[in-house]
Amino acid sequence: MKHHITNSLDAFREENIEPLHPEERKVSGVTWKNWGPDMSGEVSPCFKGGFLFRIFSPQKRLWALYNDTYVYEMHSTFTLAADAQFEPAPGVEKVTLEDGQIQLTVVVYPMETKVVMEGDRLKFRSVYDGRALSAEYLESKAREAEKNVVACTNLVRELTSSMSDEEVLQRCIKEDLMFVDPSFPPSHGSIDPSKKMTRSPWQRPSDYLPKRFHKHIRLFRSPITPDSTQRGDLGDSWVISGIAAIAENEKHIKDLFRHPSQQAVNTLTEEKHGAHRIMMNTSGLWRSVIIDDYLPILGNQPRFARSSKDYCETWVSMLEKAYAKRNRGYSKIISGDPLFAIRDFTGFPTCRLDAKFREGMESPELGNQFYERLLADYENGHMILFSTPGNSDARSKSPRYTENGVFIGYAYSVIEVAKVGDVKLLRLRNPWASSSVWKGRWAPGSELWARNPEIAAAFPGYDTVDHSFIMDWEETLNFFVGCGVVFNHFNYADYRISSQFTGAAAGVCLKVTVTEPTTLTIILSHEDRRGTPKEKEDYIPIMLSLASRSNEEKNEYTLVTNSTADIEHPSSGFTFLQGRDIYLMHTFTPEKSPYMIIPRRLYNESQTEEVPFVLGVLAQLPFTPYGQAQVHLCKPGEKNKVFSNYLTFIDDAEDVTLTFQVKNKAAVNEVTSNKLN
């Protein structure tokens with residue numbers, strides 16, 4: 001069934017966003033780093049640089065402390081004269097010392113405003129000590145939050161015992177209840193199924209944010225840029241790097257959150273009931289991942305990833321949560337390749353070029369050739385990422401990284417490749433530039449800019465305000481340890497067909513006929529094993545073969561090329577690869593039509609089980625009955641010689657009718673047919 005797109009409503013409530021007014025963050029003339037205190041008065045910082053503030057309200061005769069941090073608990077002691085006229089606030093510990101002086105002790109937790117005593121202007125001595133959040137505090141917050149979670153969960157369970165996210169969400173909407181995710185519940189098992197990570201309370205944004213900010217809570221509140229992301233207490237810099245790279249275009253981020261029906265009213269209704277959907281590619285198929293808006297909390301902010309710009313903006317946290325759910329737990333997304341994260345968010349082919357990168361480090365000639373290849377990839381609109389060494393890599397210990405403002409364990413996206421004369425340059429994005437500044441040869445202010453006006457003219461206005469920095473090719477080879485490319489297919493028609501291998505034979509192949517040169521990208525995907533008991537097992541080796549009809553009278557086909565680890569360089573040889581996805585990109589011509597695309601697996605007779613796979617096709621234009629390309633679904637005989645590595649084989653394929661996915665822009669539909677349309 002086709003869905004109609006409705007744009008009359010604002011799906012993300014962006015039309016009525018109000019800024020966090022200065023008066024909401026400014027109390028008594030101080031603009032707070034975070035929320036600000038719950039009372040006004042005369043303000044004095046307790047530490048150089050802020051963190052903890054003492055507030056005195058002459059009108060109310062109240063003395064209070066405000067903790068403007070998320071990560072410290074402030075232990076504070078006040079010592080007053082024996083005859084001081086004051087009254088300690090409830091919960092403040094009062095002790096009379098041997099000399100008659102009175103000592104008040106209070107602990108102020110993150111973002112708390114705590115009244116210490118009531119009294120007029122007083123003389124006292126005070127001592128303040130900021131400490132890491134204690135286990136007792138964290139445990140008490142977890143117990144308090146758990147009561148709320150249990151209450152909400154019980155309300156939902158009284159409605160339905162279903163474990164289907166979709167069914168539970170629709171029932172919650174019907175009964176006007178807040179959604180609680182049955183398959184990824186707000187519990188420690190969703191953080192870490194192995195229970196090795198520390199517990200966290202789970203709260204909705206309306207639970208951990210002060211009431212005065214509730215009207216401001218949105219998925220999107222500020223322009224989406226790569227520096228919108230802030231990593232939290234989780235080793236998933238690869239995921240955050242991938243999200244930052246996609247955020248070069250804010251439309252690509254927002255499309256992930258659109259309802260599959262493309263009806264804005266559905267997005268708004270689900271958000272009202274505490275639910276979000278994120279479209280992701282899982283095992284080759286498109287899946288709308290439903291989550292509730294509970295988040296693991298630490299110190300009254302999301303424990304893991306969050307918006308770096310606005311604490312009322314939630315898209316970063318929700319996107320990371322959906323990816324954690326997709327991979328069966330937050331702990332399951334610790335450590336990985338940013339190319340894989342981008343692949344899962346976009347469905348696009350990716351290619352690691354680390355071997356080519358290392359060759360370039362060792363040979364100037366090969367290095368120059370590799371640069372030219374990256375220049376061509378950039379000009380073709382593809383995404384390039386360079387990786388710095390991780391903590392376990394001995395190269396990360398080199399002082400050149402900290403001395404030059406480069407983070408280890410992150411991926412940097414390339415936003416420009418430019419060759420000026422003989423000088424090879426790259427402009428990279430540093431989304432974390434607020435805490436580091438590039439200090440290499442082509443840093444802002446370097447004398448090289450004045451000495452090379454033609455290069456300065458190629459980068460007008462370069463001043464790192466956009467968090468970018470410029471390296472020459474030699475520096476790039478020196479600072480990074482690997483490279484990869486994402487082959488962008490934004491706005492392409494995307495077809496996904498589920499099938500299986502039985503023995504060596506594929507359950508579906510594709511016959512392609514074109515009337516003019518047409519470039520298609522073919523994807524063969526395994527079931528994803530991340531987060532499963534099979535995670536450490538090798539994937540079954542697979543390959544894509546492309547054949548063209550070589551003898552019409554005999555109905556004979558001959559292999560043209562096969563996939564390799566490098567999508568831009570297929571081969572006539574047979575290269576079976578152990579990976580979740582493999583790719584083949586080819587320009588089909590009328591002269592060699594028809595073609596056949598054949599999924600392959602490396603097989604021996606001891607392997608008796610069927611192996612599921614998904615065959616994907618990316619096309620610049622949707623397939624139509626009278627379009628330039630026609631793609632039919634077919635199934636060759638199980639004994640066909642093509643499955644035994646013969647270069648030539650007879651076409652004995654029969655048409656098959658299957659249900660497959662069609663994704664066009666942000667909409668995903670299911671179609672049942674014997675051809676892609």
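Residues numbered from 1 in each chain as written. Predicted model: local features only at pLDDT ≥ 70, side-chain atom pairs only at ≥ 80, totals over all residues. Heavy atoms only, no water.

Draft legend 1. How the structure looks around the overall build of the protein. Per the secondary structure count, the protein includes 16 helices and 37 strands. Projected onto the principal axes, the alpha-carbon positions of the protein cover approximately 110 × 70 × 50 Å. Every one of the 677 residues in the protein was classed for burial, and the buried ones make up 55%. Counted over contacts in the protein with a minimum sequence separation of 6, partners at least 24 positions apart contribute 70%. A total of about 30500 Å² of accessible surface is found on the protein, and carbon and sulfur atoms cover 50% of it. Put simply, the protein has 78 plus and 88 minus side-chain charges, and the middle of one group is 2 Å from the middle of the other. (Helix = DSSP H or I, 4+ residues; strand = E, 2+ residues; numbered from the N terminus. Buried < 20%, exposed > 50% of the residue type's maximum accessible area, 1.4 Å probe, protein only. Contact = heavy atoms within 4.5 Å. Areas by Shrake-Rupley, 256 points an atom, 1.4 Å probe, with all protein chains shown as cover. Lys, Arg positive; Asp, Glu negative; His and termini not counted. Charge placed at Lys NZ, Arg CZ, Asp CG, Glu CD.)

Draft legend 2. Up close: the UniProt feature "active site" (unreviewed entry) in the protein. UniProt's entry tags Asn430 with the feature "active site" (unreviewed entry), counted in the numbering of this structure. Turning to its location among the elements, asparagine 430 is positioned in the loop between strand E21 (423–429) and helix H14 (447–451). (UniProt positions renumbered as here; feature names shortened; annotations may be inferred.)

Draft legend 3. How the structure looks around the nonpolar core. In this structure, Ile253, Phe257, Trp315, Leu319, Tyr330 and Phe345 are the most contacted members of the largest nonpolar core, which totals 75 residues. When residues of this core are assigned to their parent elements, the largest contribution, 7 residues, is made by helix H9 (residues 315–326). For phenylalanine 345, the contacting residues outside a window of four places in its chain are Ile243, Ile246, Leu256, Met279, Met280, Trp286, Leu319 and Tyr323. Formed by 49 residues, the second largest nonpolar core is a distinct cluster that contains Leu520, Leu524, Phe623 and Val662. (Core = buried A, V, L, I, M, F, W, Y, C linked by side-chain atoms within 4.5 Å.)

Draft legend 4. Inspection of the pattern of salt bridges at higher detail. For the structure shown, the criterion picks out 44 salt bridges. Across the pair aspartate 293 and arginine 204 runs a salt bridge whose closest N-O atoms are separated by 2.4 Å. Of this pair, aspartate 293 sits in the loop between strand E15 (285–292) and strand E16 (295–296) while arginine 204 sits in the loop between strand E12 (202–203) and helix H5 (205–208), and the two are 89 residues apart along the sequence. A salt bridge links aspartate 494 to arginine 496, with the shortest nitrogen-to-oxygen separation between them at 2.7 Å. Arginine 496 gets classed as buried once you look at its relative accessible area, which sits at 2%. (Salt bridge = Lys/Arg side-chain N within 4 Å of Asp/Glu carboxyl O.)

Draft legend 5. Spatial organisation of the packing of helix H6 (residues 237–246) against H9. Contact geometry for H6 and H9: axes closest at 11 Å, N-to-C directions at 125 degrees. The pairing of H6 with H9 is recorded here as oblique in orientation. H9 is crossed by H6, and the crossing has right-handed handedness. Contact residues: Trp238, Val239, Ile240 and Ile243 in H6; Trp315, Leu319, Glu320 and Tyr323 in H9. In terms of residue class, the contact of H6 with H9 is made up of 7 nonpolar, no polar and 1 charged. (Axes fitted to C-alpha atoms, helices over the stretch in contact; angles between N-to-C directions. Parallel < 35°, antiparallel > 145°, perpendicular 65-115°, else oblique. Left-handed = near helix turned anticlockwise from the far one by under 90°. Nonpolar A, V, L, I, M, F, W, Y, C, P; charged D, E, K, R; others polar.)

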